[in-house]
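# Architecture and fold: a report
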Amino acid sequence: MKVKHSHTILLPQENLVGSGEATIVAPVTQLHLYCPVCGEVWAHFLSNHPTPRHAYHPLPCRTHGNGTVLLHFHLDSLSSQLLPREVILRRQPLLSNYGLPYAATSTNEP
Ligand SMILES: [Zn+2]
């Protein structure tokens, strides 16, 4: 049986506050994500436990990686403040050529 735990999700750099149900974050844990490249603590997952345990996990920030929170949270449990952000991040490979079709960006086509 899968147990879900609601957490408040803070992304200070993006001025985003929302909530989501965690898949691997226990309810006693307040998880903070830091970027192994720049050291920025870019995400906080806060539970409402009275005596929480604080844990820090390395995960690249949006500048140095994908910056998704979906490793720890269900997409369908994210609140409306966070959902558009995650959907855009999932589409990032498609947007990485600035929306131009492949043929328009390739110079090797005959
Ligand atoms: Zn970084």
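Anyway, here's the lowdown on the structure attached to this text. (Residues numbered from 1 in each chain as written. Predicted model: local features only at pLDDT ≥ 70, side-chain atom pairs only at ≥ 80, totals over all residues. Heavy atoms only, no water.)

## Description of the overall build of the protein
- Each helix and strand counted, the protein has three helices and five strands in total.
- Along its sequence from the N terminus, the protein presents helices and strands in the succession β-β-β-β-β-α-α-α.
- Within the protein, residue pairs in contact and separated by at least 24 positions form 49% of the contacts whose partners lie at least 6 positions apart.
- About 7,000 Å² of surface is accessible on the protein, with carbon and sulfur atoms providing 57% of the total. (Helix = DSSP H or I, 4+ residues; strand = E, 2+ residues; numbered from the N terminus. Contact = heavy atoms within 4.5 Å. Areas by Shrake-Rupley, 256 points an atom, 1.4 Å probe, with all protein chains shown as cover.)

## With respect to the coordination of the zinc ion
- Donor atoms from the polypeptide that bind the zinc ion are Cys 35 (SG), Cys 38 (SG), Cys 61 (SG) and His 64 (ND1), placed at 2.0 to 2.4 Å.
- Coordination at the zinc ion is tetrahedral: its four donor atoms span angles of 98 to 117° at the metal.
- Positions of the donor residues of the zinc ion along the chain correspond to the pattern C-x2-C-x22-C-x2-H. (Donors = N, O, S within 2.8 Å, 3.2 Å for Na, K, Ca; no water. Tetrahedral: all angles 85-135°; square planar, octahedral: opposite > 155°, others 65-115°.)

## Description of the pattern of salt bridges
- With the rule as written, the count across this model stands at three salt bridges.
- In this structure, the salt-bridge partner of Arg 62 is Glu 14, at a minimum N-O distance of 2.9 Å. Residue Arg 62 is located in the loop between β5 (53-58) and α1 (83-90), and its partner Glu 14 is located in the loop between β1 (5-11) and β2 (16-22); the two are separated by 48 residues in the primary sequence.
- On the accessibility criterion, Arg 62 (36% relative accessible area) is partly exposed.
- Glu 14 gets classed as partly exposed once you look at its relative accessible area, which sits at 26%.
- Ionic pairing is found between Arg 85 and Glu 14, a salt bridge with its closest N-O pair at 2.5 Å. Remark: Glu 14 occurs in the loop between β1 and β2 and Arg 85 occurs in helix α1; sequence separation between them is 71 residues. (Salt bridge = Lys/Arg side-chain N within 4 Å of Asp/Glu carboxyl O. Buried < 20%, exposed > 50% of the residue type's maximum accessible area, 1.4 Å probe, protein only.)

## Observations concerning α1
- Among all positions in α1, only Arg 85, Glu 86 and Leu 89 are buried. Seen end-on, α1 carries its buried residues on one side only, within an arc spanning 95°. (Arc of directions from axis to C-beta.)

## A few points about the side chain of His 7
- Counting through the fold element by element, His 7 comes out in strand β1.
- A residue is classified by how much of its surface remains accessible, and His 7, at 1% relative accessible area, is buried.
- A polar contact is formed between the side chain of His 7 and the backbone oxygen of His 5, at a distance of 3.3 Å. (Polar contact = N/O pair within 3.5 Å; in protein donor to acceptor, adjacent residues only side chain to side chain.)

## Overview of the packing of aromatic side chains
- Within the structure shown, the criterion is met by one aromatic pair.
- Seen in terms of ring centroids, Phe 45 and Phe 73 are 4.6 Å apart; in terms of plane orientation they differ by 75°. Their pairing is edge-to-face. Taken as a pair, Phe 45 in strand β4 (residues 41-46) and Phe 73 in the loop between β5 and α1 lie far apart in primary sequence, 28 residues in all.
- Classification of Phe 73 by relative accessible area gives buried; the value is 2%. (Phe/Tyr/Trp six-rings, centres within 6.5 Å; stacked < 30°, edge-to-face > 60°.)

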